[in-house]
Amino acid sequence: DDDDDDDDDDDGGVAENFPQSRAAVRAVVLPKMRFLRYPDPGGRLNPHVDLRKVDEESATGQRSTHTFCLYLATCDAGGETVTLDKVREPKDPMSDRFTVGACKPKRGRLFLFPHGTPHAGRPVVDVPKVLLRGECYVVPNR
């Protein structure tokens, strides 16, 4: 019967609307993620680098390679995640002269960067800044 409701291959038309990815790699997201909320103006995160985490669900104990931030709220002013030339402790560690790039918090924006990338969170002006932060690693897409 062609109209069998128990057909495991029925994807409701998803496959025809979203064909198989042809990307050479794919990201595997580790299950332990954190919601971060900066409710008050001035909230910031000092310069640092992120450490690798072990994927406890992986049979091989794969380690993360990248950090991601999924912004859940838009901040019209402040709160940018900035990548830096290196972790430093001068009077103004997030001065534009040390900034390599900046990601402005915008709802739905995904920011992905390799562990070991020096970065910081600029002081929040437009509150709240809310994001989901986690780790992932890249594997060949088979």
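Rules used throughout
- Residues numbered from 1 in each chain as written.
- Predicted model: local features only at pLDDT ≥ 70, side-chain atom pairs only at ≥ 80, totals over all residues.
- Heavy atoms only, no water.
- Core = buried A, V, L, I, M, F, W, Y, C linked by side-chain atoms within 4.5 Å.
- Buried < 20%, exposed > 50% of the residue type's maximum accessible area, 1.4 Å probe, protein only.
- Helix = DSSP H or I, 4+ residues; strand = E, 2+ residues; numbered from the N terminus.
- Contact = heavy atoms within 4.5 Å.
- Pairing = 2+ DSSP bridges.
- Salt bridge = Lys/Arg side-chain N within 4 Å of Asp/Glu carboxyl O.

A. The arrangement of the nonpolar core in detail. Formed by Tyr 38, Cys 69, Tyr 71, Cys 103, Phe 111, Phe 113, Val 124 and Leu 131, the largest nonpolar core amounts to eight residues. Elements with a contribution of two residues or more to this core: strand 4 (66–71) and strand 7 (110–114). The residues touching Tyr 71, leaving out its near neighbours within four places in the chain, are Thr 81, Cys 103, Pro 105, Lys 106, Arg 107, Gly 108, Arg 109, Phe 111, Lys 129, Val 130 and Leu 131.

B. Examining the pairing of strand 5 (residues 81–84) more closely. Alternating positions in strand 5 separate into two faces, Thr 81 and Thr 83 on one and Val 82 and Leu 84 on the other, with burial throughout. In this structure, strand 5 lies alongside strand 6 (residues 99–103), joined through four bridges in antiparallel fashion. Among the inter-strand pairings, Thr 83 is bridged to a residue of strand 6, identified as Gly 101. Across three bridges, strand 5 lies against strand 8 (residues 119–121) in antiparallel orientation. Residue pairing for strand 8: Thr 81 is matched across the bridge by Gly 121.

C. Region of interest: the pattern of salt bridges. Inspection of every chain in the model, using the stated rule, returns four salt bridges. One salt bridge in this structure joins Arg 34 and Glu 135, with 2.7 Å as the shortest N-O distance. Here Glu 135 lies in strand 9 (residues 129–140) and Arg 34 lies in strand 2 (residues 34–38), a separation of 101 residues in the sequence. Relative accessible area serves as the criterion here: at 30%, Arg 34 is assigned to the partly exposed category. Taking the shortest distance from any N to any O, the salt bridge between Glu 135 and Arg 133 comes out at 2.1 Å. Taking relative accessible area as the criterion, Glu 135 reaches 1% and is therefore assigned buried. For Arg 133, a relative accessible area of 12% puts it in the buried group.

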